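Chain and residue survey
Below are the chains, spelled out letter by letter.
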Amino acid sequence: MSAPAPLLVEAKGLAKTYLVGDVRVAALAGVDLVVEEGRFVAVTGASGSGKSTLLNLLGGLDTPSAGTIEVGGAIISAMGREDLARYRRSVAGMIFQSFNLVPARTALENVELPLIFAGLEKSERRRRAAELLAQVGLAHRARHRPSELSGGEQQRVAVARALANGPRLLLADEPTGNLDSRTSREIVGLIAGLNRERKLTIIMVSHEEGLVREFAHEIVRLRDGRVVEPGGPS
Amino acid sequence: MRFKDAVDFALASLRKRRLRTFLTAAGVMIGIGALVSMISFGKGMQKNVTQAFKASDLFSTIVVMPGGGEAPQGGSELRRQPVEEASRPDAVLDDAALAAIAALPGVRLAYPDIGFPAMVGLGGPQEFRLVQVIPAAVAASSGLKVGWGRPYSSDDEEGVVVSRALLRRLGVTDPASAVGRKLRLTTVSIDLGRLATLDLGSIFKGGSSPIAQETYEFPILGVTEILAFGGEANLTANAVMIPPGPAKRIKRLPFSSIWDLFRMRNGKAGYSAVTVKLGSLGDLNRVRTGIHGLGFATFAPADQFEEITRAFVVMDMVLAAVGMIAIIVAALGIVNTMVMSILERYREIGIMKAVGASDGDIRRIFFFESGAIGFAGGAAGCLLGWAVSLLINRIIDLYLARQGMPSVAYFAFPFWIFLGAVGFAVMVSLASGIYPARRAARVDPVVALRHD
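Residues numbered from 1 in each chain as written. Chains lettered and ligands numbered in written order. Predicted model: local features only at pLDDT ≥ 70, side-chain atom pairs only at ≥ 80, totals over all residues.

1. Some remarks on the overall build of chain A
Secondary structure summary: chain A contains 7 helices and 10 strands in total. Against the compact-globule benchmark of 17 Å for 234 residues, chain A has a radius of gyration of 17 Å, which places it among compact chains. Its C-alpha atoms give chain A principal-axis dimensions of roughly 45 × 45 × 40 Å. Per-residue burial for chain A yields a buried fraction of 48% across its 234 residues. In chain A, once contacts between residues fewer than 6 apart in sequence are set aside, the share between residues at least 24 apart is 69%. (Helix = DSSP H or I, 4+ residues; strand = E, 2+ residues; numbered from the N terminus. Rg over C-alpha atoms; globule rule 2.2 N^0.38 Å. Buried ≥ 20, exposed ≤ 12 C-beta atoms within 10 Å, placed from the backbone. Contact = placed C-beta atoms within 7 Å.)

2. Focus on the interface of chain A and chain B
Contacts between chain A and chain B engage 21 residues on the former and 17 residues on the latter. Looking at the side of chain A that touches chain B, the elements with two or more residues in it are helix H2 (81-90), strand S6 (92-96) and helix H3 (107-117) of chain A. For the side of chain A that touches chain B, the residue count by class is 11 nonpolar, 4 polar and 6 charged. (Nonpolar A, V, L, I, M, F, W, Y, C, P; charged D, E, K, R; others polar.)

3. Side note on unusual backbone geometry
At Phe99 of chain A, a position not held by glycine, the phi torsion is positive, near 65 degrees. Mapping Phe99 of chain A onto the fold places it in the loop between S6 and H3.

4. Overview of the pairing of strand S6 (residues 160-163) of chain B
The side chains of a regular strand alternate between both faces of the sheet. All names here are of chain B. Residues Val160 and Val162 line one face of S6 and the alternating positions Val161 and Ser163 line the opposite face, and both faces are buried. Of the pairings in the sheet, the one linking S6 to strand S9 (residues 240-242) comprises 2 bridges and is antiparallel in character. Within S9, the residue paired with Val162 across the bridge is Val240. (Pairing = 2+ DSSP bridges.)

5. Examining the nonpolar core
In this structure, Ile203 of chain A together with Ala421 of chain B are the most contacted members of the largest nonpolar core, which totals 128 residues. Excluding residues within four positions of it along the chain, Ile203 of chain A makes contact with Val35, Val41, Val43, Leu55, Leu58, Leu169 and Leu171 of chain A. Ranked by size, the runner-up nonpolar core spans 48 residues in total, among them Ala178, Ile220, Leu221 and Ala273 of chain B. (Core = buried A, V, L, I, M, F, W, Y, C linked by C-beta atoms within 7 Å.)

6. What about the sheet that holds strand S8 (residues 201-205) of chain A?
Residues and elements named next belong to chain A. Taken in spatial order, the 6 strands of this open sheet run S6-S7-S8-S3-S9-S10, and their pairing is mixed. If you trace the sheet from one side to the other, it starts and ends with S6 and strand S10 (226-227), each paired once. The pairing of strand S9 (residues 218-223) with S10 spans 2 bridges and is classified as antiparallel. Bridging across to S10, Arg223 finds its partner in Arg226. Most of the contacts of helix H1 (residues 51-58) go to S8, to which it runs at about 150 degrees, and overall it touches strand S3 (40-45), S6, strand S7 (169-173), S8 and S9. (Axes fitted to C-alpha atoms, helices over the stretch in contact; angles between N-to-C directions.)

7. Quick word on the packing of helix H5 (residues 151-162) of chain A against helix H6 (residues 181-198) of chain A
All names here are of chain A. Packing of H5 against H6 leaves a shortest axis separation of 10 Å and a crossing angle of 15 degrees. Our classification of the angle between H5 and H6 gives roughly parallel. Seen from above, H5 lies across H6 with right-handed handedness. Where H5 approaches H6, its residues Gly151, Gly152, Gln155, Arg156 and Val159 are matched on the opposing element by Thr183, Glu186, Ile187 and Leu190. Considered class by class, the residues forming the contact of H5 with H6 number 3 nonpolar, 4 polar and 2 charged. (Parallel < 35°, antiparallel > 145°, perpendicular 65-115°, else oblique. Left-handed = near helix turned anticlockwise from the far one by under 90°.)

So, in structure tokens, the structure goes:
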């Protein structure tokens, strides 16, 4: 880990305030974050510390109240809605605690979704989706709907979907929050494998210290919307 | 996102909510159905009236009237009102005037309106009718549809033509069986011998009157059909037509109403009107000018036709407005359904945005959804409007058939009605989809993904 890797993510002075009723609540209050290409970064902190807000900002789902985010040279904090959609589609893949699969669609169709919005032809996206499902070990479950899949299987489908358009960054928001410990380990193992084999940059929000220590290259601790302890796993 | 994929998304989501899609589309269907039958009814009426006008020779007809006191008449006799004042109010429409009119270039035929009241019957019940004296040339013209038997062949043939409606009143249901039977005409005339010793008071006291009745019998040569849309209304309405030859033999009062007496000029009454048939429609203005030169007023049904055409435009608009009300209700139904759909699919919209759907993609999906509802509803509405129109037509026909009226297509369906209706339905539903589609596109993915 001595070779200097180029920066993929660079966030400066990130702040996000929400208006709850008449009260301004600061979810993030000036966060600086630097992630080198190919790293596996874990973000931890108590609930309400701003972890998910940070991830939503990095994923282009939300826009910061202040500060800048640069990913791969593009300043996403300054992007319009259309550019942000394109960024979510092809640069940053996201997975969530509650999987967020479309219930009416099969595993294959869920993986196809980002490919549809990317404008791929049907036969091509069918082929790609099947390939992705095979990569996460779910080729045999392609025709099943989310309700017919276990939690672990659903999260694998979500991972395959996040990878559909070949992103440079995978953002995982408490991916193991709804899973038992054995399955949690499998999922984080899968993510770590992608990091190792494809040099895919990972930012994972989690509060499972054990898993984080085992797999992440570095841990960012948040408290009350601020970074308290940047650095490697100690 | 490809166009086809957006359509697929829209259809898939409509399929998933079959009942609601069906109910919403049914709203559009009813609206479009109402609009289609309303407009086709308007077009049908227009077509029928135009055809009746064209078939009936009315375009090439001018009615000539003397100036001065015109008898007060009901609204149905509108065509008898002259459109202008006669240049010489004292001109008398007598045989000399008739000859002068007939001699005008462009006049094919001119004959006086002569009618007299009579009781008519076939031996059974009797009816009181105005018998019209019509030359054979007119009775044989296309304006008069003789459906059974034949029109009289010369002005001197002994025989009459009656209308089917009169036969029904006289108890004859099969018009063919009436041909050849004798029609009994009873007229009144004044017994001049008794008039000298007349004591008017005695008439009302039950004394003998100077009024004499005469009865004549003529074979029925032909029976006219009833034209549903006017046609030569005054000819058929008068129920009995007789050629001028035998008419001369009939003793009768020289006038058909007291009003005729008021029209007298220098002791001469003349005819109340003369009907002129033109050689061609192009002669209309030339002949009319000639008649004005003779001092008479004219009326041409062709003028009235323009007025009718204008009235149809208004009627079409009123009918369309009624149909529009149903369409507006249907459009509100679409907005309601689409907004409901957004609320139900809030999370799904969030997911689609999270994996890279743009605002435009979401907007298009919802837009196509409402467009598809409109298309389905519009197409079904065309079928509904068409079916309902046929049904109503059938019911009216059944009802009118009992009154001896022929079956008529009251609705017209030019192809553009269907194309226009479907196009209009799609347009309205797309317009209804604008607000929901914008709202769906504006969904905040962060909020939507938190949504359960």
